[in-house]
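# A closer look at the structure
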Amino acid sequence: MKTHIDPNEKCFLSGESAPGGRGAKDLWLYIVALVGAAVAVIPATMMEGDGVHRFLLAYLIAFAFVFSLSMGSLFFVFITHLCRAGWAPIVRRPAEIMAANIRVVAILFLPIAISVISGHGKLYPWAQPDSALVGAHADAAEHGDAEVYVDAVGRETVIALVAAEAGHGEDEHAGHDHAGHDAGGHDEAGHDAHDAAGHGDGHGAVADHGLEIHVVQNAAGDWVFPHQVLDDFTMKKRPWLSQGWFIGRWIFFFVVWTSIAWWYLRNSLAVDRTGDYLITQKLEKWSAPIALIFALTFTFAAFDLMMSLNPHWYSTMFGVYYFAGTVISTFAALILIFLGLQACGFVKTSVTVEHYHDLGKLLFAFVFFWTYVGFSQYMLLWYASLPETVMWLQHRGVSMVDGQTNGWACIILLLLFGHFMFPFLGLLSRHVKRSRKALAFFAIWMLVMHYTDMYWLVMPEIGPNSGPVFGLIEIGTFAFVLAVFGIGALRLASKHSLVVQRDPRMADTLNHENLY
Amino acid sequence: MSSTVTPVKEESAQLIGLMAEFEDVTSVFAATEKVRDAGFKNFDVHAPFPIHHIDRAMGMKPTKLPWIALCGGLIGLTFGASLVYFSNAITPEGAPVSLQGYQFLISGKPLFSLPANIPILFETTILFTAFAIVLGMLRLNNLPMHYNPLFKSDRFRRATQDKFFIVIDADDDQFDKDKTQQFLFDAGAEAIEEVWD
């Protein structure tokens with residue numbers, strides 16, 4: 001029976017046995033961050049088309065990824081307290097540090113906040129002043145069969161119905177009036193505007209002969225999704241989706257999360273010093289209300305971050321969907337952190353195969369949970385088949401019908417097989433979960449898949465004419481954001497022990513064994 | 001050295017095995033390892049509470065239950081798929097009315113559309129897996145067992161209170177009444193009782 005950490009255990013990154021040692025070497029992270037920023041910004045300014053839009057979407061994907069790590073860690077910390085998990089204390093410290101690192105995530109949020117304040121509506125279409133509202137119905141006659149809207153400052157918005165896939169639908173509609181055909185280059189990818197008149201009023205339509213989508217011409221003359229201009233439909237959500245209130249609630253969110261995460265870290269360090277079980281009792285008692293606060297704030301944060309990219313679309317499951325991916329990425333990260341630390345000679349005897357086994361079990365469970373939630377969301381949208389909700393899925397490649405597929409189908413298929421089937425079957429066996437190499441592979445795999453998941457949620461908003469795009473901008477923003485997150489986490493980690501030193505459940509966690 | 005007890009028995013009774021009593025976890029654990037190392041297969045350990053790693057000390061093989069569960073799940077998946085396919089998507093040619101499927105067109109969806117049926121496949125998979133696990137567990141544990149000759153022993157009642165027992169079955173290849181009895185005493189048994197039935 002072990003009741004204390006082995007005195008020879010290397011528990012401090014700084015190599016000193018007392019807290020407050022010098023920081024770990026993180027110069028390379030600064031270099032990665034700088035190079036990443038340069039690699040992302042330079043192509044974004046030089047590319048043809050809207051580089052700012054692409055950059056912001058790529059940045060949002062990367063932000064959603066590190067936000068996952070912090071929030072998933074916070075979840076892990078309070079849920080293990082809530083369950084009084086005996087096995088968990090020894091692996092809790094890195095999670096506490098990543099959760100407390102939410103303060104760095106708050107700094108990383110600044111570009112998104114600035115894009116919202118500046119009111120260009122490129123990232124979030126609703127983040128525009130009311131004056132950008134698409135206005136009254138204008139005389140459509142001179143624009144053929146397309147519908148034309150005029151905004152408050154007299155700019156025209158043309159709404160046309162196009163076939164979404166190259167080589168599909170042209171022949172069938174060759175005789176129709178090609179409204180807006182020569183405007184704004186929307187036909188570059190072989191898209192073909194045609195008869196819009198027979199399809200009611202405008203916002204998305206699925207014709208019986210294949211996928212067709214509405215596009216509108218924005219103020220800059222580009223053809224975009226209807227939800228990418230500020231219209232009446234979006235304005236119905238104006239009390240929530242407005243610039244000032246968005247900034248206000250995100251300040252509130254970050255204050256709440258930072259307070260909670262630091263409260264946990266501070267108290268955990270106090271237990272390290274005193275071994276006082278009353279502190280742990282206090283943490284456990286308050287974990288229940290914190291779980292409620294977390295669930296509510298995280299759901300609304302998920303709505304804000306990625307669901308409001310398309311303000312026409314809504315799904316009450318969306319917060320849970322993002323949460324599932326968040327927890328997967330956190331367990332994968334914890335597994336990799338401990339494997340990495342142990343490979344470098346830290347905490348070699350305290351963390352055993354039993355803890356990896358448990359983290360692997362949780363990873364496996366949440367792989368299935370992600371699928372469960374993702375499918376639940378999909379099935380309801382699919383069954384109801386409401387235009388404004390189905391459009392979101394259709395443009396993301398979720399359709400098995402011939403002629404309705406688009407370039408994004410490969411991403412959703414990658415998620416189906418790579419985010420669910422492969423890791424599900426792979427992690428099913430306990431031998432895999434108890435093998436460090438196999439578990440490391442699946443942890444890396446799930447992190448890649450989590451990025452793909454975020455990519456699938458965000459990047460299709462690039463526009464109706466684009467398939468999947470991936471390049472230096474995505475890699476650069478991801479490297480930058482991850483490096484900045486790493487700098488913050490490493491600074492915290494080098495000040496404190498990598499594992500808890502004293503805990504009321506120390507004997508439980510050090511001697512933890514899995515029966516199965 | 002404690003004594004061996006031979007209980008009162010009927011004429012036709014047969015020797016079932018030897019029951020050795022131990023004082024504490026440490027001694028029963030050490031004795032269990034000795035019994036395992038001596039090559040006994042048919043024996044069991046009884047304790048008032050679960051003892052960690054007693055399965056290893058007894059030399060038990062990993063359970064087959066996961067494979068039973070997997071088979072149950074696959075059978076459930078197949079059953080669910082056949083059920084929804086039969087009831088929604090096909091009408092057997094010339095089949096009686098009671099065997100025809102229900103080819104209802106619902107909100108323009110295909111007759112056999114996977115998204116609508118995945119919940120059913122999921123549920124039957126889970127249901128059959130649960131059945132397989134529960135029934136497999138009962139089978140592997142030889143349950144239900146309404147009668148066990150050990151229950152006749154007054155001494156054995158303390159297995160639910162403060163004593164620990166190793167029972168070696170008489171049908172074990174290594175079993176020899178006198179030798180095994182001596183072996184158990186050497187292993188640290190406080191008392192040994194013959195079990196007749």
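Numbering of residues starts from 1 in each chain and follows the order in which that chain's sequence is written. Each chain takes a letter, starting from A, and each ligand takes a number, starting from 1, following the order in which they are written. Per-residue local features of the predicted model are confined to residues with pLDDT of at least 70, and side-chain atom pairs are confined, for both listing and counting, to 80 or more; whole-chain, interface and lining totals are unaffected and use all residues. Side-chain numbers here rest on the full set of heavy atoms in the structure, without hydrogens or water.

### Some remarks on the overall build of chain A
The condition is simple: Only DSSP runs of H or I with at least four residues qualify as helices, and only runs of E with at least two residues qualify as strands; both kinds are numbered from the N terminus onward. In what follows, residue pairs with any heavy atoms lying within 4.5 Å of each other are defined as contacts. Calculation of accessible area relied on Shrake-Rupley with a 1.4 Å probe; when residues are assessed, cover is drawn exclusively from the protein chains displayed.
For chain A, the count of helices and strands is 16 helices and five strands. In chain A, of all internal contacts separated by at least 6 residues, the share reaching a separation of at least 24 is 77%. When the accessible surface of chain A is split by element, carbon and sulfur atoms take 66% of a total near 20900 Å².

### A short note on the overall build of chain B
Quick reminder of the rule: Note that the radius of gyration is over C-alpha atoms, with the globule rule given as 2.2 Å times the number of residues to the power 0.38. Each residue gets one of three labels from its accessible area relative to the maximum for its type: buried under 20%, exposed over 50%, partly exposed in between, using a 1.4 Å probe on protein chains only. In this tally Asp and Glu are treated as negative and Lys and Arg as positive; neither His nor the chain ends contributes. In this description, the location of a charge corresponds to atom NZ of lysine, CZ of arginine, CG of aspartate or CD of glutamate.
Of the regular secondary structure elements, chain B holds five helices and five strands. Reading the helices (α) and strands (β) of chain B from amino to carboxyl end gives β-β-α-β-α-α-α-β-α-β. Taken against the 2.2 N^0.38 rule, which gives 16 Å for 197 residues, the C-alpha radius of gyration of chain B at 27 Å runs more than 25% over that of a compact globule. Counting all 197 residues of chain B, 33% fall into the buried class. Long-range contacts, defined as pairs at least 24 residues apart, comprise 78% of the intrachain contacts of chain B with a sequence gap of at least 6. Of the accessible surface of chain B, which amounts to about 12500 Å², a share of 60% is contributed by carbon and sulfur atoms. Side chains of chain B carry 16 positive and 24 negative charges; the gap between the two charge centres is 4 Å.

### What to know about the pattern of salt bridges
Residue and element names in this part refer to chain B. Selection criterion: Just to be clear on terms, a salt bridge is a Lys or Arg side-chain nitrogen sitting within 4 Å of an Asp or Glu carboxyl oxygen.
Applying the stated criterion across every chain, the model contains 21 salt bridges over all chains. Here Glu 23 ties to Lys 163 by a salt bridge, and the two come within 2.4 Å at their closest N and O atoms. Here Lys 163 lies in the loop between helix H4 (114-140) and strand S4 (164-169) and Glu 23 lies in the loop between strand S2 (15-22) and helix H1 (25-37), a separation of 140 residues in the sequence. Given a relative accessible area of 37%, Glu 23 falls into the partly exposed group. A salt bridge links Asp 154 to Arg 157; the nearest nitrogen and oxygen atoms lie 3.8 Å apart. Three or more residues are tied together by salt bridges with common partners; here these are Glu 21, Glu 23, Arg 155, Lys 163 and Glu 193.

### Things to note about unusual backbone geometry
Each neighbour pair has its own omega, and for B:Leu143 with B:Pro144 the value is -5°, a cis peptide bond. Along the chain, the position of B:Pro144 falls in the loop between H4 and S4. Although it is not a glycine, A:Val347 sits at a positive phi angle of roughly 35°. You can see A:Val347 is positioned in the loop between helix H9 (318-343) and helix H10 (353-384). A:Val347 sits in the buried class, given a relative accessible area of 0%. Within the chain, B:Asn142 stands out as a residue other than glycine whose phi angle is a positive 55°. Relative to the elements of secondary structure, B:Asn142 occurs in the loop between H4 and S4. Judged by relative accessible area, B:Asn142 falls into the partly exposed class, the value being 46%.

### Side note on the packing of aromatic side chains
Residue and element names in this part refer to chain A. Just so we agree on the cut-off: Side-chain rings of Phe, Tyr and Trp, where Trp is taken by its six-membered ring, are said to pair if the distance between their centres is within 6.5 Å; with planes under 30 degrees apart they count as stacked, over 60 as edge-to-face, and otherwise as tilted. Over a ring means this: the NZ of a Lys or the CZ of an Arg is within 6 Å of the ring centre and within 35 degrees of the ring normal.
Applying the stated rule across the entire model yields 69 aromatic pairs over all chains. Taking 5.2 Å as the distance between ring centres and 65° as the angle between the ring planes, the aromatic pair formed by Trp 263 and Tyr 264 counts as edge-to-face. Here Trp 263 falls in the buried class, since its relative accessible area comes to 18%. A relative accessible area of 1% places Tyr 264 in the buried class. Just above the ring of Phe 346 sits the side chain of Lys 10; from NZ or CZ to the centre is 4.7 Å.

### Here we look at the interface of chain B and chain A
This is how the line gets drawn: Reported buried area values correspond to the accessible surface (1.4 Å probe) lost by two parts on association, with both partners' losses combined. The definition of a polar contact used here is a pair of N or O atoms within 3.5 Å, where within protein one atom must be able to donate a hydrogen and the other to accept one, and adjacent residues in sequence count solely through side-chain atom pairs. Any residue outside Ala, Val, Leu, Ile, Met, Phe, Trp, Tyr, Cys, Pro, Asp, Glu, Lys and Arg is labelled polar, Gly included; the first ten of those are nonpolar and the last four are charged.
Each side of the interface is counted separately: chain B has 11 residues, and chain A has 10 residues. When chain B packs against chain A, the two sides together hide about 1000 Å² of surface, and 76% of this comes from carbon and sulfur. It is B:Lys109, B:Pro115 and B:Phe122 that lose the most area in chain B upon contact with chain A, and together they represent 44% of the buried surface on that side. At the surface where chain B touches chain A, the tally comes to one salt bridge. Between chain B and chain A we count three residue pairs in polar contact (both at pLDDT 80 or more) in total. Ranked by the residues each element gives to the side of chain B that touches chain A, the list is headed by H4(B), at five residues. In the side of chain B that touches chain A, the residues fall into five nonpolar, four polar and two charged.

### Description of the nonpolar core
Counted only if it meets this: We define the nonpolar core as a collection of buried residues of types Ala, Val, Leu, Ile, Met, Phe, Trp, Tyr and Cys that are connected through side-chain atoms lying within 4.5 Å of one another.
Membership of the largest hydrophobic core comes to 142 residues, with the highest contact counts inside it found for A:Phe63, A:Phe67, A:Tyr124, A:Trp250, A:Trp257, A:Leu305 and A:Met306. For this core, the leading source of residues is helix H2 (residues 51-82) of chain A, giving 19 residues. Setting aside anything within four residues of it in sequence, one finds A:Trp250 in contact with A:Phe67, A:Phe109, A:Trp257, A:Ala301, A:Asp304 and A:Leu305. Counting residues in each nonpolar core, the second largest holds 22 residues, with B:Val28, B:Phe40, B:Ile54 and B:Ile192 among its members.

### Some points on the pairing of S2(B)
Residues and elements named next belong to chain B. Applied cut-off: Pairing between strands is defined by DSSP: at least two bridges between the two strands are required.
Counted residue by residue, S2 has six buried out of eight residues, so it is predominantly covered. In this structure, S2 lies alongside strand S5 (residues 191-196), joined through six bridges in antiparallel fashion. Following the sheet pairing, Ala 20 is matched in S5 by Ile 192. One ladder, built from six bridges, connects S2 with S4; its direction is antiparallel. Note that in S4 the partner of Met 19 across the bridge is Val 167.

Keep in mind these numbers describe shape, not what the thing actually does.
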